[in-house]
Each structure stands twice: as C-alpha cells, then as structure tokens.
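Each chain, letter by letter, is given below.
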Amino acid sequence: MNGQGQPLRAIAARVLQSIENGQSLSQCLPPALNDVADNERPQLQALCYGTCRWFHRLDAELQARLKKPLRKPDRMVHHLMLVALFQLRFSQQATYAVLNETVEACRTLDKPHLTGLVNGVLRAAEREGEPALPDDSARYSHPHWMLEKLRHNWPDDWQAILDANNAQAPMTLRVNALRFSRDDYLQHLADAGIEASATRFAPHGIQLASPAPVDRLPWFADGAVSVQDEAAQLSTTLMDLAPGQRVLDACAAPGGKTCAILESCGGLSEVVALDESADRLPRVQENLERLDLVATLKQADAADIEQWWDQQPFDRILLDVPCSATGVIRRHPDIKLLRRESDIVPLASIQLGLLEAMWQVLAPGGRLVYATCSVFPQENHRIIRRFLKQQSDAALIQPNVPWGRDMETGRQMLPAPESHDGFFYAVLEKPEP
Ligand SMILES: C[S@@+](CC[C@H](N)C(=O)[O-])C[C@H]1O[C@@H](n2cnc3c(N)ncnc32)[C@H](O)[C@@H]1O
C-alpha cells in the first residue's frame, strides 16, 4: 500500500487506463510516482512499463479467459488483470501475493462485485499456464498493423526488430567533451564502482552495464555527462561542424542534440534551438544550464519561417523531425498502444513540409542533417526521395561511416537489443550558386 492507501496495482491500472485514453507514459506516470512512497517507485514503474511492453500478449490471454468483455465502466478492472497477468508471466513475484493483492486492489477501485471474477481468472491463469498464443501480434506483443508494416518493410529483419523492441534498453551516456575525455570518464565510473564500456560507434558514448540513477554518476549535476542513446549521438556527428558556423536545431526539445552540437565544436557563431512546444522548450534551457552551454531558444512552428526567421541563413541545420518513434519502442513501450496506422501519412506530410521549409533557411554551401527515430521507410528514405525529386538543387551526401544500413538516401540503424536504438539519417547539401 502507498501513502494514499491505494495498492500499487490499482495505481498501475489507472496509468494504463490513462494511456488507453491517449496520454503517454511520460505524461501520466510521473504524477502517479509522486503518489507513492520512494521505495515503491521502481516497482510501480516496472509494472507500468512491463504491462505496456507485453500488453498485446497479455490482452490476448485475458480476452480468451473472459467469457465476455467487461462493460466500459469496468475497464479499469480489465487493466488491473493485465497488470496481474504481467506479474504472473514475467516477474518473480509470488503467485499468492499477486492473487491476493489484485483482489484487494479490485476492491479499492470500488469494484467489489468483480472480485470473484478477478480471483477466478487469475487462479485459472496460474493453474493452466500461458495458453497457446493466437497469432504473431500476441506472440511478439505488437499491434497487428505495426507488425505487418514491419514485416512488409523489413522482410529479413522484422522478427529481430520486434525482439529488440521487447528488450530492456541499456543506459547510455554522452561524455561532455568540453570537460572530460571518454577514457578519463570511464576511469571515474570504474572508481565509483560503475561498470561501463565505450560505445562502438559514437565517439563520446559510454554504455553502462546496468542502469544507474544519474545522481550516482560522477559530476552529473555539474555537466560531466548526459543520458543519450548511441544512435541519437550519431546524428550530430554527421553535421561536419566547424567554428564560426551558425547552426539551427529545428526540432530541439528536450535539447539532447542541441547540447551535443555545442559540446562537439567550440566557437560556433550561434546555435538556435527551435521547438514549437512551449511545454518542452524549458527542458532545453535546463539541459543547457546543467552543461554550462549557451544557445538561442525560440518557440515557433519551424515550418512557419515568417514567424521566427531573422533572414540570416544557417550553415548547418539539424532536422530531428517528429515521427512514429518506432525505433525507440523499447524505451517507450506505450508507443505500441498510442500509435495508430493512420498517424503515419500525416506525419510524413509534416516531415516533408519541415524539410521544405528548412531548405529555405539553409545557406548556400550549407548542410542539413535529417533524422528520425523511426524504422518506417515512409518517414525516412521515401521522404528524402520525394524531396530530392522536387528540389533539384539539393545534393545528397553519402556519409562514409561504418554503421547503419545503406538506404540509397541515407543510413538506417535498426534497434539492437544490446546497444543502440533505431534511427535514420540523411545528409543534404545546398550547392554554392
Ligand atoms: C524527436 S523530438 C526532438 C528531440 C530533440 N532533437 C533531442 O534530441 O532532444 C521532436 C520535437 O519536434 C518538436 N516539433 C514538432 N513539430 C514541430 C514544428 N512544426 N516546429 C518545431 N518543432 C516541432 C516537438 O515538440 C518535439 O520536441
């Protein structure tokens, strides 16, 4: 039980209900975590992440066990049973505790008339074990449309992608090159008893053997390192930064890449961090302050250049567009529940629109890096191909790098269980007149 008298499973059921209503985990989990005692937070987080991760698999089992679906007003109890099934199938929690405490949680959700049903379903689940799974959607625990799209797009890799999406992501750091060399910081981690190794491709990346709270990382509060996946780190390495350049980070919040740009090259004439979200932009400022870096922050729709552009062209632009985030599902398993197939076409149109607008503010001789954390070619390769068809002065640069797959117009990283997320990068240059 927590401070407010609600069992953790009941709180987790409420979080799942909020996700079903369209909120993301990052929106609805923090207030729920604030409602429980410090020592219960890791367990609540694990329940919410784990149940999202295995939602489609657990839901297939629950639907098979229920003679008829619960009424809409009782939907919370459906989610409560999913949380309990997650524990039965994927945790070490003692079965009697899962059963008793879930029945108790059902009461605190004001559904005492359903305790018998909950008890019966969970006892049968425990007695009979996991049933045969009806299809790949249940087996790999992904929505049907996403699985079919991945199978179609990646005929040789779709199962590996799905498995990677269901794995726990490692914690990866970016060493602030203005403060430490990677080797020195690895030594400081070792001295602090934290096992870690250098990332394979990103020059300032360090992967921890197991996640650690940031306050255990040496000089974290003083800006020694940031938490950033290796694939995200690679996007800024393609920018070919040099002192004197004016740089735009067009979709900047929460500022991970803005800070990486500033850390990787001293003497840039200005870095503008632009984002349309008033809620997310303050996170950029917080990150800059912790790392003791300076950028010009602007809140605007990047595509509406009249609104924010001062007519001074940019030598370098990073365009890290909003996308389906299908390359980072292992870090955000709620994407499986939130994303709809119908989101992809509108996203692609926003992405192409942003690219067209950014081309107008790019200086002749300048370079633009387009990046997504998506694994769908519709948001990646095909956006660049469409853009190149209509923009005859755009020159495609093939980065000479040992990572990612060659997609004709850019490089695609697929999520790898033991290391980086899924990402796509394309590099375009505007010739001098
Ligand atoms: C993938 S996230 C960026 C992550 C960021 N680059 C980082 O590394 O920390 C995409 C961002 O684009 C912003 N965004 C979406 N549409 C936009 C638009 N039309 N103009 C500017 N920003 C936009 C969102 O608010 C979101 O913060």
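Here the residue index of a chain counts from 1 through its sequence in written order. Local features in a predicted model are, by the rule used here, given only for residues with pLDDT of at least 70; side-chain atom pairs are given and counted only at 80 or more, and totals for whole chains, interfaces and linings are based on all residues. Side-chain numbers come from the whole structure's heavy atoms, not from hydrogens or water.

What to know about the UniProt feature "active site" (unreviewed entry) in the chain
Those places that UniProt annotates as "active site" (unreviewed entry) correspond, in this numbering, to C373. Helix and strand assignments follow DSSP, with helices taken as H or I runs no shorter than four residues and strands as E runs no shorter than two, numbered in order from the N terminus. Locating C373 in the fold gives a position in the loop between β9 (362–372) and α18 (381–390). Accessibility here uses a 1.4 Å probe with only protein chains present; expressed as a share of the type maximum, an area under 20% marks a residue as buried, one over 50% as exposed, and anything in between as partly exposed. A relative accessible area of 17% places C373 in the buried class. Residues in contact with C373, not counting those within four places in the same chain, are C323, A325, T326, G327, V328, G422 and F423. UniProt positions are given in the numbering used here, feature names are shortened, and annotations may be inferred rather than shown by experiment. Contacts are residue-level and defined by heavy atoms, with any inter-residue pair within 4.5 Å sufficient.

A word on the UniProt feature "binding site: S-adenosyl-L-methionine" (unreviewed entry) in the chain
Annotation from UniProt places "binding site: S-adenosyl-L-methionine" (unreviewed entry) at C251, A252, A253, P254, G255, G256, K257, D275, D301 and D320. By the element assignment, C251 lies in the loop between β5 (246–249) and α13 (256–264). Residues contacting C251, with those up to four places away along its chain left out, are L274, D275, L318, L319, D320, V321, P322 and L354. As for its position among the elements, A253 is in the loop between β5 and α13. When its relative accessible area of 10% is taken as the criterion, A253 is described as buried. In contact with A253, not counting residues within four places along its chain, are D275, R280, L281 and V284.

Focus on the nonpolar core
Nonpolar cores are built from buried Ala, Val, Leu, Ile, Met, Phe, Trp, Tyr and Cys residues. Side-chain atoms within 4.5 Å join them into one set. Membership of the largest hydrophobic core comes to 83 residues, with the highest contact counts inside it found for L248, W308, L319, M358, L368 and Y370. Per-element tally for this core: the top contributor is helix α17 (residues 344–361), with nine residues. Within the second largest apolar cluster, 46 residues are counted, among which are I19, L58, M76 and L80.

Remarks on a positive patch on the surface
A cluster of basic residues, R382, R385, R386 and K389, forms a positive patch on the protein surface. We classify R386 as partly exposed; its relative accessible area is 42%. Only residues whose relative accessible area exceeds 30% and that form no salt bridge enter a patch; like-charged residues are grouped when within 9 Å of one another, and nonpolar side chains (Val, Leu, Ile, Met, Phe, Trp, Tyr) when within 5 Å. Accessibility throughout is a Shrake-Rupley quantity obtained with a 1.4 Å probe, and a residue counts as covered only by protein chains that appear here. Should a side-chain nitrogen of Lys or Arg be within 4 Å of a carboxyl oxygen of Asp or Glu, the pair is scored as a salt bridge. In this tally Asp and Glu are treated as negative and Lys and Arg as positive; neither His nor the chain ends contributes. To locate a charge, the coordinates of NZ of Lys, CZ of Arg, CG of Asp or CD of Glu are taken.

Topic: the packing of aromatic side chains
The rule is short: rings of Phe, Tyr and Trp, with Trp giving its six-membered ring, pair when the centres are within 6.5 Å, and they are stacked under 30 degrees, edge-to-face over 60, tilted in between. With the rule as written, the count across this model stands at 11 aromatic pairs. Arranged with centres 6.5 Å apart and planes meeting at 70 degrees, the rings of Y370 and F424 form a pair that is edge-to-face. In this pair, Y370 sits in strand β9 while F424 sits in strand β13 (residues 423–429), placing the two residues 54 residues apart along the sequence. For F424, a relative accessible area of 0% gives the class buried. Judged by centre distance (5.7 Å) and plane angle (25 degrees), the ring pair of F423 and Y425 falls under stacked. Three or more aromatic residues joined by ring pairs form one cluster here, namely W54, F86 and F90.

Section: the site of the ligand
Proximity is defined per residue: any heavy atom of the residue falling within 4 Å of a molecule or strand makes that residue near it. Near the ligand, the surroundings consist of 19 residues, among which K257, D275, R280, D301 and D320 are the closest. Between the ligand and the protein, one listed contact pairs an oxygen atom with a backbone N or O atom of G255 at 3.2 Å. The definition of a polar contact used here is a pair of N or O atoms within 3.5 Å, where within protein one atom must be able to donate a hydrogen and the other to accept one, and adjacent residues in sequence count solely through side-chain atom pairs. Side-chain polar atom of D275 to an oxygen atom of the ligand: 2.6 Å apart, as the coordinates give it. Contact with the protein chains covers 86% of the free accessible surface of the ligand, which is 610 Å². Residue classes in the shell around the ligand are distributed as 10 nonpolar, three polar and six charged. As a working rule, the residues Ala, Val, Leu, Ile, Met, Phe, Trp, Tyr, Cys and Pro are called nonpolar, Asp, Glu, Lys and Arg charged, and the rest polar, with Gly in that last group.

Digging into the sheet that holds strand β2 (residues 196–198)
Strands are labelled as partners when DSSP assigns at least two bridges between them. Pairing within the open sheet is antiparallel, and its four strands lie in the order β2-β3-β1-β4. Of all strands in the sheet, those bounded by a partner on one side alone are β2 and β4 (225–227). In this sheet, adjacent strand axes meet at a mean angle of 30 degrees when their direction is disregarded. Sheet topology places β2 next to strand β3 (residues 205–208); three bridges connect them, and they run antiparallel. Counted as the bridge partner of A198 is I206 from β3. Its contacts with the sheet place α13 against β1 (172–175) and β4, and it is angled at close to 35 degrees to β1. Angles shown run from 0 to 180 degrees and are taken between the N-to-C directions of axes, each axis being a line fitted to C-alpha atoms and, for helices, limited to the stretch in contact.

Considerations on the packing of helix α6 (residues 95–108) against helix α7 (residues 115–128)
Relative to each other, α6 and α7 sit at 160 degrees, their axes nearing to 9 Å. Looking at the two axes, α6 sits roughly antiparallel to α7. Every pair of crossing elements has a handedness; the one defined by α6 and α7 is right-handed. Note on element contacts: α7 touches α6 through T115, V118, N119, L122, R123 and E126, opposite T95, L99, T102, V103, C106 and R107. Roughly parallel refers to an angle under 35 degrees, roughly antiparallel to one over 145, roughly perpendicular to one between 65 and 115, and oblique to any angle outside these ranges. By convention the crossing between two helices is left-handed if the near helix lies anticlockwise of the far one by an angle smaller than a right angle, and right-handed if it lies clockwise.

A word on helix α4 (residues 55–65)
Of all 11 residues in α4, nine are buried; the element is thus mostly enclosed. Every buried residue of α4 is accounted for by F55, H56, R57, L58, D59, A60, E61, L62 and R65. Turning to α4, the residues buried within the fold contact α3 (41–53), α5 (75–90), α7, α8 (136–139) and α16 (335–338).

Topic: the pairing of β5
Burial along β5 is two-sided: the face carrying R246 and L248 and the face carrying V247 and D249 are both buried. Of the strand pairs in this sheet, β5 and strand β6 (residues 270–275) are connected by four bridges, and their pairing is parallel. Residue D249 lies in a different strand from β6, and its bridge partner there is A273. Clockwise travel from the first strand over the helix to the second, with the strands pointing away from the viewer, marks a crossover as right-handed. Tracing the backbone out of β5, into α13 and back to the parallel element β6 gives a crossover that is right-handed. One ladder, built from three bridges, connects β5 with strand β8 (residues 314–320); its direction is parallel. Looking at β8, one finds that V247 is bridged to R316.

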